[in-house]
Amino acid sequence: MKVITGKFGGRKLLDNKYEHIRPTADMVKQAVFNKLVDRIIGAKVLDLFCGTGALGIEAISRGAGEVIFVDKDKRSISLTEQNLKNLGIESRTICQDYESALNLFVGQKFDIILLDPPYKSGFYEKALKLIKDNNLLSDDGIVVCEHDRDITIDFIGYELLDERKYGIKKVSYLRKIIN
C-alpha cells in the first residue's frame, strides 16, 4: 500500500495488520483521485471510516487544504496516525462512531466526503442522511461512496453523477440535490 502521486507519491504506508480493515486497492484509489483531480486542490475533505487513512492521505498528497480522519476503531485511528506521522503530516483524527462525528461537524462544509464503511454494515443510508440533514456538503461538493457492487444503496437526496465498477466493488459519485 502506497501513496499514488502528488507530494508524497511513491511513499509506502504501513501494512494493514488487522483483518477488519479493508484498505482501498491502489488501482481504485488512483481511479477515484483521477476523477477528483479538478476538485482536490485546496478542498476540505472528510475521510469517514478512514481505516488506514490511505484515501485521506492521498487527498493531502494531491493538494487538499484540510483532511479530517474519522473512525470508531482505535486500531484504525492508531494506524492512520502512524501513517500521518511517518509522512510528517499534521491532520485531525477523531476516534468516534460516524453518527457522533457527523453531528460534531454541524456548521461546517466539506468539499469532498470519502464514505467507505464496512460493506455490509447498513451505514451508507444513515451516513448519507446525516450528511444531508446536517448540511455538511458544500453546494458543489461531492460524496465518494465505495461499496460492494452487489448491494443497493438508497441515494435519496443525492444525484448520482457517476458510478464505476472495479471487480467486487463499486464507487458512486454523489452530489446533493439543492431544492
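Each remark here, short or long, concerns the structure printed above.
The structure reproduced in this document is the subject of the present report. (Residues numbered from 1 in each chain as written. Predicted model: local features only at pLDDT ≥ 70, side-chain atom pairs only at ≥ 80, totals over all residues. Heavy atoms only, no water.)

**Considerations on the nonpolar core**
Link 1 in the chain: Membership of the largest hydrophobic core comes to 30 residues, with the highest contact counts inside it found for Val32, Phe33, Val45, Ile57, Ile112 and Val144.
Link 2 in the chain: Secondary-structure elements contributing two or more residues to this core are helix H1 (26-35), helix H2 (54-61), strand E2 (66-71), helix H3 (74-87), strand E4 (110-115), strand E5 (137-148) and strand E7 (169-176).
Link 3 in the chain: Counting residues per element, this core draws most heavily on H2, which supplies five residues.
Link 4 in the chain: Not counting chain neighbours up to four residues away, the residues in contact with Phe33 comprise Ile40, Leu55, Glu58, Ala59, Arg62 and Leu114.
Link 5 in the chain: With 26 residues, the next largest nonpolar core counts Ala127, Ile131, Ile153 and Tyr158 among its residues. (Core = buried A, V, L, I, M, F, W, Y, C linked by side-chain atoms within 4.5 Å. Buried < 20%, exposed > 50% of the residue type's maximum accessible area, 1.4 Å probe, protein only. Helix = DSSP H or I, 4+ residues; strand = E, 2+ residues; numbered from the N terminus. Contact = heavy atoms within 4.5 Å.)

**Quick notes on the packing of aromatic side chains**
Given two aromatic rings, their pairing is described by the distance between the two centres and the angle made by the two planes.
Link 1 in the chain: In total, this model carries four aromatic pairs according to the counting rule given.
Link 2 in the chain: Where Phe49 meets Tyr98, the ring centres are 5.2 Å apart and the plane angle is 40°; that geometry is what we call tilted. Placement of Phe49 in the loop between strand E1 (44-48) and H2 and of Tyr98 in helix H4 (residues 98-104) is noted, with a sequence separation of 49 residues between them.
Link 3 in the chain: Arranged with centres 4.9 Å apart and planes meeting at 40°, the rings of Tyr98 and Phe123 form a pair that is tilted. Remark: Phe123 occurs in helix H5 (residues 123-133) and Tyr98 occurs in helix H4; sequence separation between them is 25 residues.
Link 4 in the chain: Judged by its relative accessible area of 6%, Tyr98 is buried. (Phe/Tyr/Trp six-rings, centres within 6.5 Å; stacked < 30°, edge-to-face > 60°.)

**Some details on the state of the cysteines**
Formally, a disulfide is one covalent bond, and it connects the sulfur atom of one cysteine to the sulfur atom of another.
Link 1 in the chain: Going through the model one piece at a time under the given rule, you end up with zero disulfides.
Link 2 in the chain: Cys95 carries a free sulfur, and the closest cysteine sulfur to it, the one in Cys50, is 8.9 Å from it.
Link 3 in the chain: Taking the relative accessible area as the measure of exposure, Cys95 reaches 38% and is therefore partly exposed.
Link 4 in the chain: Cys50 supplies the cysteine sulfur nearest to Cys145, a cysteine that is in no disulfide, at a spacing of 16 Å. (Disulfide = S-S within 2.5 Å.)

**Considering the environment of Ile142**
Link 1 in the chain: Its place among the elements puts Ile142 in strand E5.
Link 2 in the chain: Among the residues examined, Ile142 registers a relative accessible area of 4% and is labelled buried.
Link 3 in the chain: Separated by 106 residues in sequence, Ile142 and Leu36 have C-alpha atoms that sit 9.1 Å apart.
Link 4 in the chain: With residues up to four places along the chain from it excluded, the contact list for Ile142 reads Leu36, Arg39, Asp111, Ile112, Ile113, Leu137, Leu161, Tyr173 and Leu174.

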